[in-house]
Amino acid sequence: MSSSVNRFFPVFALLCLSHYSFCQYNTTDRGESYRLTTLPKAPPTNKSKAIRSAVAVPTLLIGTGVYVLCDDDFINRIEVREERNEHFPNFSHHADNYLQYLPIVAVYGLNLAGVKGENNFGNRTALLIKSEVIMAAITFSLKGLTKVPRPDTGDRNSFPSGHTAQAFAAATFMHKEYGGQSVMYSIGAYAVATGIGVMRILNNRHWASDVIAGAGIGILSTNLAYLTHQYKWGNKKPKHETFVMPTYSSGPGFYLSYKL
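Calculation notes
- Residues numbered from 1 in each chain as written.
- Predicted model: local features only at pLDDT ≥ 70, side-chain atom pairs only at ≥ 80, totals over all residues.
- Heavy atoms only, no water.
- Patch = residues over 30% accessible without salt bridge, like charges linked within 9 Å, V, L, I, M, F, W, Y side chains within 5 Å.
- Areas by Shrake-Rupley, 256 points an atom, 1.4 Å probe, with all protein chains shown as cover.
- Salt bridge = Lys/Arg side-chain N within 4 Å of Asp/Glu carboxyl O.
- Helix = DSSP H or I, 4+ residues; strand = E, 2+ residues; numbered from the N terminus.
- Buried < 20%, exposed > 50% of the residue type's maximum accessible area, 1.4 Å probe, protein only.
- Phe/Tyr/Trp six-rings, centres within 6.5 Å; stacked < 30°, edge-to-face > 60°.
- Lys NZ or Arg CZ within 6 Å of the ring centre and 35° of its normal.
- Core = buried A, V, L, I, M, F, W, Y, C linked by side-chain atoms within 4.5 Å.
- Contact = heavy atoms within 4.5 Å.
- Polar contact = N/O pair within 3.5 Å; in protein donor to acceptor, adjacent residues only side chain to side chain.

Asks: Before we go on, may I ask you to explain a nonpolar patch on the surface in this structure?
Replies: Judged by side-chain polarity, Leu99, Tyr101, Leu102 and Val105 come together as a nonpolar surface patch covering roughly 340 Å² of accessible area. Structurally, leucine 99 can be placed in helix H4 (residues 96-99). For leucine 99, a relative accessible area of 34% puts it in the partly exposed group.

Dropping the structure here:
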């Protein structure tokens, strides 16, 4: 059993480390951005930092997944599967088909219970739809390009893991909406997503490389959705203002100003 743990530990540790680094990076970035708002030329700096924050961790994960797919020096995906077959040969569970959406359900459940998130219903839903579209586009494009055989059926659509991408996109969605209120929301969401990734390997549906890259794609998709979201629906519109002032030029009159 210890050998099995040694094989699975790098995958589990990498996913957990990415979650911790992601939360720390975003927390630090928010704090620095707040301080920089009082300094000259802050907006360009903040924008570039926001972009780096959005792509740093997911790019690392996607790059690691590609590296593991092409080279077995870091994490040998074949040996990970052999350990799974030796120690968990009969593992089969369908919970990952449903738990991948749990953070999304939790976000709307919290809002329904009166716990306000970062955005209102309209903007939150628009952001979720955008992240899902981005995630699906990247995932299925890579599946078609790479054509990696699945470890169980041999179907050439293994890389990257769509379930893992969905789980981490949902976890990042919850992190964005409620992570600012309590880090426990983020930890819970990413713990579920990490569990989904591990289950995809234990179910023999994916290689370790698929799961690692899928995690990066999920995080990146939601980050890009929030980074590019410009139209804030449901915000209160400024009140119309009408200003009237009497004037006298060639005769009595008045000046009328209407602010839209």
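Asks: Could you clarify how one ought to interpret the packing of aromatic side chains in this entry?
Replies: Within a pair of aromatic rings, the relevant descriptors are the distance that separates the centres and the angle that separates the planes. On inspection of all chains with the given rule, the structure shows 4 aromatic pairs. Considering the side-chain rings of tyrosine 108 and phenylalanine 173, the 6.4 Å spacing of their centres and the 35 degrees angle between planes classify their relative orientation as tilted. Here tyrosine 108, found in helix H5 (residues 102-112), pairs with phenylalanine 173, found in helix H7 (residues 162-178); they are 65 residues apart in sequence, far enough to count as distant. When the centroid spacing of 5.5 Å and the interplanar angle of 50 degrees are considered together, the rings of tyrosine 178 and tyrosine 185 count as tilted. Relative accessible area serves as the criterion here: at 23%, tyrosine 185 is assigned to the partly exposed category. Ring pairing ties together the aromatic residues Tyr108, Phe121 and Phe173, which thus form one cluster. Arginine 77 extends its terminal NZ or CZ atom over the ring of tryptophan 207, reaching a point 4.7 Å from the ring centre.

Asks: Mind showing me how you'd approach the nonpolar core here?
Replies: A general trend in soluble globular proteins is that nonpolar side chains are found buried together. In this structure, Leu61, Ile75, Phe168 and Phe173 are the most contacted members of the largest nonpolar core, which totals 28 residues. Of all the secondary structure elements, the ones that give two or more residues to this core are helix H2 (42-70), H5, helix H6 (121-146), H7, helix H8 (183-202) and helix H9 (208-227). Considering each element in turn, this core owes the most residues, 7 residues, to H7. If you look at the next biggest cluster of nonpolar residues, it comprises 6 residues, including Ile62, Ala165, Ile217 and Leu220.

Asks: Is there a simple way to think about unusual backbone geometry in this case?
Replies: Note on backbone geometry: most residues besides glycine have negative phi, and most peptide bonds are trans. Of note, the bond from phenylalanine 159 into proline 160 is cis; its omega dihedral lies within 30 degrees of zero at -5 degrees. Residue position: proline 160 is located in the loop between H6 and H7. A positive phi is found at lysine 147, a non-glycine position, where the angle reads about 55 degrees. In this structure, lysine 147 sits in the loop between H6 and H7. One non-glycine residue, asparagine 204, adopts positive backbone phi at about 65 degrees. Mapped onto the elements of the fold, asparagine 204 is located in the loop between H8 and H9. Exposure remark for asparagine 204: the relative accessible area of 9% places this residue in the buried category.

Asks: Explain the side chain of serine 131 here, please?
Replies: Its location among the elements puts serine 131 in helix H6. Once residues within four sequence positions are removed from consideration, serine 131 is found in contact with Ser221, Thr222 and Ala225.

Asks: Just to check I follow, could you spell out the side chain of aspartate 96 for this structure?
Replies: Checked against the element boundaries, aspartate 96 lands in helix H4. In terms of polar contacts, aspartate 96 uses its side chain to reach the side chain of arginine 200, at 2.9 Å. Beyond its immediate stretch of four places on either side in the chain, aspartate 96 contacts His163, Ile196, Met199, Arg200 and Asn203.

Asks: Would you explain the pattern of salt bridges in this entry?
Replies: Between side chains of opposite charge, a pair can form when the charged atoms approach closely. Within this structure, the stated rule accounts for 2 salt bridges. Between arginine 200 and aspartate 96 there is a salt bridge; the shortest N-O distance is 2.9 Å. Of this pair, arginine 200 sits in helix H8 while aspartate 96 sits in helix H4, placing them 104 residues apart in sequence. One salt bridge in this structure joins aspartate 152 and arginine 205, with 2.7 Å as the shortest N-O distance. Taken as a pair, aspartate 152 in the loop between H6 and H7 and arginine 205 in the loop between H8 and H9 lie far apart in primary sequence, 53 residues in all. Given a relative accessible area of 33%, aspartate 152 falls into the partly exposed group. For arginine 205, a relative accessible area of 25% corresponds to the partly exposed category.

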